[in-house]
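# Structure assessment
Residues per chain are reported as follows:
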Amino acid sequence: MIKILYGKCAHCASVNAADEITALLKSKPDAVLGLATGSSPIGMYKELIDRCAKGEISFKSVKSVNLDEYVGLSADHDQSYAYFMSHNLFDHVDIDKANTNLPNGLAADPAAECKRYDDVVASMGGVDIQVLGIGNNGHIGFNEPADYFTYGTNLVDLTDSTIDANSRFFASRDLVPTQAITMGIGQIMAAKKILLIALGKGKADILEKSLFGPVTPNVPASILRFFKGEVIVCADSEALSVIKEKHPEALA
Ligand code: F6R
């Protein structure tokens with residue numbers, strides 16, 4: 001079931017997302033969190049840092065698995081997702097870093113690294129909530145539009161549109177890695193709950209297409225319509241603008 005939580009602004013949508021994580025941590029302090037990087041979850045992470053500082057929530061017993069990592073970037077490279085997670089969440093909350101996991105972008109054998117990460121994800125015994133952003137092309141994790149849905153962790157070639165979108169974080173486009181290791185669609189779909197964050201008008205078309213168009217691997221996020229549990233979409237008014245126009249009943 002898909003539940004859309006309307007946020008008037010990006011901050012409001014981030015607070016809605018933080019409320020979902022807060023409720024989970026209060027009911028299950030040793031929850032397993034599936035985490036995402038990128039600009040979409042930053043506001044939610046800020047809110048969670050704040051709540052942790054106030055003692056409202058704790059990450060002491062939390063375990064986490066991140067969706068993806070660029071191939072070729074070390075954990076201390078300032079554009080690696082390992083670095084992103086440390087700087088945007090882990091260094092500011094009481095999580096035990098030994099309980100946090102990301103694919104290793106420097107693994108000499110990416111196939112072996114995918115297998116290792118499959119085992120890491122399996123060892124969690126189930127992800128309680130999987131946080132997702134959505135790419136301009138509908139990707140979730142780094143599962144790009146394709147002819148089929150993947151199951152497990154896989155090595156992907158990033159599409160030109162993803163490289164273009166992510167080049168905003170790098171000094172130049174040719175510094176953007178061309179490959180990534182990502183959890184597969186099957187692993188994402190195995191989570192108990194999904195929290196999809198979409199902010200800004202750049203996400204409006206793809207969000208509508210994903211939530212209301214045909215379910216197809218050409219729009220990877222569309223698979224969320226077949227999710228067995230609850231998909232909570234925390235989006236701001238700009239990201240929801242096309243849905244509001246075409247499917248106003250969905251926001252009622
Ligand atoms: C990040 C990830 C990606 C992003 C997506 C949106 O871990 O898996 O799918 O969520 O590219 O990125 P932003 O949030 O920067 O628009």
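Given the structure is predicted, the values throughout are model-derived calculations rather than measurements. (Residues numbered from 1 in each chain as written. Predicted model: local features only at pLDDT ≥ 70, side-chain atom pairs only at ≥ 80, totals over all residues. Heavy atoms only, no water.)

What follows is about the packing of helix H1 (residues 10-27) against helix H2 (residues 42-53). When two helices pack together, their arrangement is given by the angle between the helix axes and by the axis-to-axis distance. Where H1 contacts H2, the axes come no closer than 8 Å and their chain directions differ by 55 degrees. If you check the angle between H1 and H2, you find them oblique. When the axes of H1 and H2 are compared, the crossing they make is right-handed. Between H1 and H2, the contacting residues are His11, Ser14, Val15, Ala17, Ala18, Asp19, Ile21 and Thr22 on the first element and Gly43, Met44, Glu47, Leu48 and Arg51 on the second. In the contact of H1 with H2, the residues fall into 6 nonpolar, 4 polar and 3 charged. (Axes fitted to C-alpha atoms, helices over the stretch in contact; angles between N-to-C directions. Helix = DSSP H or I, 4+ residues; strand = E, 2+ residues; numbered from the N terminus. Parallel < 35°, antiparallel > 145°, perpendicular 65-115°, else oblique. Left-handed = near helix turned anticlockwise from the far one by under 90°. Contact = heavy atoms within 4.5 Å. Nonpolar A, V, L, I, M, F, W, Y, C, P; charged D, E, K, R; others polar.)

This structure, assessed with the given rule, holds 4 aromatic pairs. Ring centres 4.8 Å apart and planes at 40 degrees place the aromatic pair Tyr70 and Tyr81 in the tilted group. Remark: Tyr81 occurs in helix H3 (residues 81-88) and Tyr70 occurs in strand S4 (residues 68-70); sequence separation between them is 11 residues. Side by side, Tyr70 and Tyr81 carry an identical accessibility label, which is buried. (Phe/Tyr/Trp six-rings, centres within 6.5 Å; stacked < 30°, edge-to-face > 60°. Buried < 20%, exposed > 50% of the residue type's maximum accessible area, 1.4 Å probe, protein only.)

Further remarks concern the site of the ligand. Inspection of the region around the ligand gives 14 residues, with Ser40, Asp68, His139, Gly141 and Lys203 positioned closest. Here an oxygen atom of the ligand sits 2.8 Å away from a polar atom, N or O, in the main chain of Ser39. Relative to its free-state accessible area of 410 Å², the ligand is covered by the protein chains to the extent of 95%. Taken together, the residues of the shell around the ligand sort by class into 3 nonpolar, 8 polar and 3 charged. (Near = heavy atom within 4 Å. Polar contact = N/O pair within 3.5 Å; in protein donor to acceptor, adjacent residues only side chain to side chain. Areas by Shrake-Rupley, 256 points an atom, 1.4 Å probe, with all protein chains shown as cover.)

What follows concerns the side chain of Thr182. In this structure, Thr182 sits in strand S8 (residues 179-182). Residue classification places Thr182 among the buried positions, given a relative accessible area of 0%. At 2.9 Å, the side chain of Thr182 and the backbone nitrogen of Phe142 are in polar contact. Not counting chain neighbours up to four residues away, the residues in contact with Thr182 comprise Leu67, Asp68, Gly141, Phe142, Asn143, Gly152, Thr153, Asn154 and Val156.

With that out of the way, let us pick up the pattern of salt bridges. Scanning all chains against the criterion turns up 14 salt bridges. The partner of Lys192 in a salt bridge is Asp128, and the shortest N-O contact between them spans 3.4 Å. Taken as a pair, Lys192 in the loop between helix H6 (185-189) and strand S9 (193-198) and Asp128 in the loop between helix H4 (110-123) and strand S6 (129-132) lie far apart in primary sequence, 64 residues in all. As a salt-bridge pair, Arg173 and Asp160 come within 3.9 Å of each other at their nearest N and O atoms. One end of the pair, Arg173, is in the loop between helix H5 (160-166) and S8; the other, Asp160, is in helix H5, and 13 residues separate them in sequence. Using a relative accessible area of 39% as the deciding quantity, one classes Arg173 as partly exposed. On the basis of relative accessible area, Asp160 is assigned to the exposed category, the value being 55%. The network of salt bridges with shared partners includes Lys3, Glu20, Lys193 and Glu230. (Salt bridge = Lys/Arg side-chain N within 4 Å of Asp/Glu carboxyl O.)

Among the structural elements, Ile129 can be located in strand S6. Residue Ile129 is classed as buried on the basis of its relative accessible area of 2%. Each C-alpha atom, one on Ile129 and one on Glu230, is 9.8 Å from the other, the two residues being 101 residues apart in sequence. Setting aside residues no more than four positions away along its own chain, Ile129 makes contact with Glu20, Ile21, Leu24, Val32, Leu33, Gly34, Lys193 and Leu195.

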